Amino acid sequence: MSAAPSWTVASVREALGKKKVSARELASEYYKRIEKRNPELNAYLTLSPEPASRQADRVDAAVARGEALPPLAGVPIAVKDVISTLGVRTTCGSKILETYIPPYDATAVERLERAGAVILGKTNCDEFAMGSSNENSAYASVRNPVAPDRVPGGSSGGSAAAVAAGLAVAALGTDTGGSIRQPGSFCGIPGLMPTYGRVSRYGLVAFASSLDKIGPFTANIADAAAVMGVIAGHDPNDSTSAAVPVENYWEELEKPIKGLRIGVPEDYFGEGLDSEVKEKVQAGIALLERLGCKRIPLQMPHTDYAIAAYYIIATAEASSNLARYDGVRYGLRVPGSTLIEMYRKTRERGFGPEVKRRIMLGTYALSAGYYDAYYLRAQKVRALIARDFSDAFRKVDAIITPTAPTPAFRLGEKSSDPLQMYLADIYTVTGSLAGVPGISVPCGSTKAGLPVGMQIFGPHFRESGVLQIARAFENAGGFAI
Amino acid sequence: MKISREDVLGVAELAHLELSPQEIDTYRGQLDEILTYIDKLKELDVANVEPMAQVLFARSAADGIDVKSHSELREDVLRPCDVADAVLSRSSDAEKPFFRVPKVIER
């Protein structure tokens, strides 16, 4: 079983302020935990003790001088290995970047460090964030800390496992079709996907640029608000980052949710949903009603088309984005007698099976003669799915659904059937296509002790509202319902 | 059947992927199954729907949010960008200011 994560952003802050612990001691405590648990869990791919110590020393010096501490001072944080870290290896879970060391920090990482966070290392993930089980990592499969014979979910499985096992206080993940929310659900911790454009993608290695988002995993909702407060905001280095003012995530956090309208789409509770998951999420919704929320049945008629639209759009964008791995400028190079042969051999050896499959699917969808039938049609269906959400948010303040149709499945259970793996993303890809914020919060466990996740969607740029409901749910004991 | 062995080879060539005979067969079967599933998109009438390429553009009108990043371009000013050494050092074969690759032009 997982050790309870013993530190939070608030408790680190308090302990540092009262000099009960130093940032350096805290970092070394976490490295000891990692040393003990990581060989079994494979949550981390690379540790960065040297920059972590330097950062911890800076925090300790600020404490010694009696300075006001920045919001994440001394907080040990893990970063998914698709997010660039200056001087620290960033593999994207791929052999093609096995030795790649970025020459710059992602904006989200730079903001964390400016806020005093101590980055412990880089977490395992499905190769280029493509997968729902973490079994597509070229290095090792992450194990679920709650049930080590099961997957942690994916693609941000390492980040979720690290926080759930107490190997980091918080972690950055990325979500393209559910890659923060689904592993959060499987590992029993909150995972927040922000609005598209809320957190800069600068330095995030691209998978599907119109869908990729960076967001936090934490052990509680207050910590999610704390991390969001640091990483959110406009960045001139990302032309798709929005100049919409950042909300004060604390302002609404503790406000009662009485009177809020929660939409429950019937389309999310039909065939394919595990009965225990259904029961728990229904109980979660009933709890929100007891807290004063008004339950409103919703129709979101295009839900059933989301997987098909998502897997065309995401793979089309991926096939284009991953064309850059050609052996010329960085990463693996396998020599060839001609330039084309060098490209082909490099990509053959460097990419794993799922990445190749998605590049093939995306290339096909974009190729002459098929573009209108697949890519253009998928973009139109995307507009219909987005319309389902904007129609819904005229009637409700939030939408509540299960995060995933099942709890964590066994390692190897689905890895030979890509379509079945894709279909399990049904409840998360809708919000991804619409670009709205969504959080998965723990919502009890099955009889076998496997965590269940409940998903809360909010309107664009209303992370505050999503966090407010999540916090009220947490305060009312919903996480252990 | 939606996709033939030849289609797979054609796509692999476009994507610069070298596939083994076994991979070709595996991907053919899997892509066929996935594309057959994706055919469900054809059930919807999308004749009068505008394609959505980017969520931010489509959104601002609906939500009444002013997404400034799309109306404001940054000032066109020179900024120092002295990264050549850092960038070239990541290549397995570079000689400043070039990346070296196999000969491209035959003569």
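Worth saying up front: this structure is predicted, and the values here are computed from it rather than measured.

Rules behind the numbers
Residues numbered from 1 in each chain as written. Chains lettered and ligands numbered in written order. Predicted model: local features only at pLDDT ≥ 70, side-chain atom pairs only at ≥ 80, totals over all residues. Heavy atoms only, no water. Helix = DSSP H or I, 4+ residues; strand = E, 2+ residues; numbered from the N terminus. Buried < 20%, exposed > 50% of the residue type's maximum accessible area, 1.4 Å probe, protein only. Contact = heavy atoms within 4.5 Å. Buried area = accessible area lost by both parts, 1.4 Å probe. Salt bridge = Lys/Arg side-chain N within 4 Å of Asp/Glu carboxyl O. Polar contact = N/O pair within 3.5 Å; in protein donor to acceptor, adjacent residues only side chain to side chain. Nonpolar A, V, L, I, M, F, W, Y, C, P; charged D, E, K, R; others polar. Core = buried A, V, L, I, M, F, W, Y, C linked by side-chain atoms within 4.5 Å. Axes fitted to C-alpha atoms, helices over the stretch in contact; angles between N-to-C directions. Parallel < 35°, antiparallel > 145°, perpendicular 65-115°, else oblique. Phe/Tyr/Trp six-rings, centres within 6.5 Å; stacked < 30°, edge-to-face > 60°. Lys NZ or Arg CZ within 6 Å of the ring centre and 35° of its normal. 1 Å grid on protein atoms, 1.4 Å probe; cavity = no way out; pocket = protein on both sides within 12 Å on 5 of 7 lines; lining within 4 Å. Points joined across faces, edges and corners; volume = space filled by probe spheres on them. Pairing = 2+ DSSP bridges. Right-handed = clockwise from strand over helix to strand, strands pointing away.

(A) Inspection of the overall build of chain B at higher detail. Looking only at helices and strands, chain B features four helices and two strands. Across chain B, helices and strands are ordered from the amino to the carboxyl terminus as α-α-α-α-β-β. In chain B, buried positions account for 31% of the 107 residues. Partitioning the intrachain contacts of chain B with sequence separation of at least 6 by distance along the chain shows that 30% fall at a separation of at least 24.

(B) Just the interface of chain A and chain B, in detail. Every contact between the two is made by 72 residues of chain A and, on the other side, 58 residues of chain B. For the pairing of chain A and chain B, the buried interface totals around 5,800 Å² over both sides, and the portion due to carbon and sulfur atoms is 66%. At the junction of chain A with chain B, the criterion picks out four salt bridges. The partner of E23(B) in a salt bridge is K356(A), and the shortest N-O contact between them spans 3.2 Å. The tally of links from chain A across to chain B stands at 16 residue pairs in polar contact (both at pLDDT 80 or more). If you list the elements that add at least two residues to the side of chain A that touches chain B, you get α9 (306-321), α10 (339-350), α11 (353-366), α12 (372-392), α13 (418-423) and α14 (426-434) of chain A. In terms of residues, the side of chain A that touches chain B owes the most to one element, α12(A), which gives eleven residues. For the side of chain A that touches chain B, the per-class residue count stands at 40 nonpolar, 19 polar and 13 charged.

(C) How the structure looks around the nonpolar core. Residue and element names in this part refer to chain A. Of all hydrophobic cores here, the largest spans 182 residues; its most connected members are L72, L112, F128, F389 and I456. When residues of this core are assigned to their parent elements, the largest contribution, eleven residues, is made by α9. Excluding its chain neighbours within four sequence positions, the residues that come into contact with L112 are L72, I77, A117, I119, L172, V227, V230 and I231. One finds V151, F186, A404 and A408 within the second-largest nonpolar core, a separate group that totals six residues.

(D) Looking closely at the pattern of salt bridges. All names here are of chain A. This model, assessed by the stated rule, comprises 33 salt bridges over all chains. E247 is the salt-bridge partner of R462, the closest N and O atoms lying 2.7 Å from each other. You can see R462 sitting in the loop between β11 (451-457) and α15 (463-475) and its partner E247 sitting in the loop between α7 (221-231) and β7 (261-265), a full 215 residues away along the chain. Looking at R462, the relative accessible area reads 31%, which means it is partly exposed.

(E) Examining unusual backbone geometry more closely. Put simply, G154(A) and S155(A) share a cis peptide bond, and its omega is 10°. Residue position: S155(A) is located in the loop between β3 (118-123) and α5 (157-164). A cis amide bond links K96(B) with the next residue in sequence, P97(B), at an omega value of 0°. On the secondary structure map, P97(B) appears in the loop between β1 (94-95) and β2 (98-99). In the Ramachandran plot, N134(A) falls in the positive-phi region, its phi being about 70° despite a non-glycine side chain. Positive phi is not limited to glycine here, since F461(A) has a value of about 65°. Along the polypeptide, F461(A) turns up in the loop between β11 and α15. When its relative accessible area of 5% is taken as the criterion, F461(A) is described as buried.

(F) Seen up close, the packing of helix α2 (residues 23-41) of chain A against helix α3 (residues 49-64) of chain A. All names here are of chain A. Interaxial distance between α2 and α3 falls to 8 Å at its minimum, and their mutual angle equals 150°. Relative to α3, the element α2 is oriented roughly antiparallel. Counting all contacts with α2, which are made through A23, R24 and Y31, the residues of α3 involved are P49, A52, S53, A56, D57, V59 and D60. A class-by-class count of the residues in the contact of α2 with α3 yields six nonpolar, one polar and three charged.

(G) Geometry of the packing of aromatic side chains. Residue and element names in this part refer to chain A. Tallied over the full model, the rule gives 17 aromatic pairs over all chains. A ring pair is formed by F389 and F393, whose centres lie 6.4 Å apart and whose planes are at 40°; its orientation type is tilted. The burial state of F389 is the same as that of F393; both residues are buried. Taken together, the ring pairs in this structure connect Y100, F128, Y325, Y330 and F351 into an aromatic cluster. Sitting over the face of the ring of Y139, R89 holds its NZ or CZ atom 5.8 Å from the ring centroid.

(H) Here's a closer look at empty space enclosed by the protein. Residue and element names in this part refer to chain A. Evaluation of the coordinates by the stated rule reveals two cavities of 30 Å³ or more. Quantified by volume, the largest cavity comes out at close to 90 Å³. Considering the residues around the largest cavity, the lining is formed by A129, G131, S132, G154, G177, G178, S179, F207, Y310, Y311, R358 and D425. For the lining of the largest cavity, the class distribution of residues is four nonpolar, six polar and two charged.

(I) The layout of surface pockets, seen in detail. Residue and element names in this part refer to chain A. Volume-wise, the largest pocket comes out at about 760 Å³. Lining the largest pocket we find 25 residues, and of these Y100, P103, Y104, Y202 and G203 sit closest to its centre. Counted by class, the lining of the largest pocket contains 16 nonpolar, three polar and six charged residues. Considered as a void within the structure, the second largest pocket measures approximately 380 Å³ in volume. Every residue lining the second largest pocket is counted, 14 residues in all, and those nearest its centre are E271, G272, L423, I426 and Y427. Among the elements of the structure, α13 and α14 are those that each provide at least two residues to the lining of the second largest pocket.

(J) Inspection of the pairing of β7(A) at higher detail. All names here are of chain A. In terms of residue burial, β7 counts as a mostly covered element, since four of its five residues are buried. Across five bridges, β7 lies against strand β8 (residues 294-298) in parallel orientation. Within the sheet, the bridge partner assigned to I262 lies in β8 and is R295. Remark: the β7/helix α8 (residues 275-290)/β8 crossover connection has right-handed handedness. Sheet topology note: the β7/strand β9 (residues 398-402) ladder contains two bridges and is parallel. Along β9, the bridge assignment pairs G263 with I399.

Honestly, that's just the spatial picture; any functional story needs more than this.
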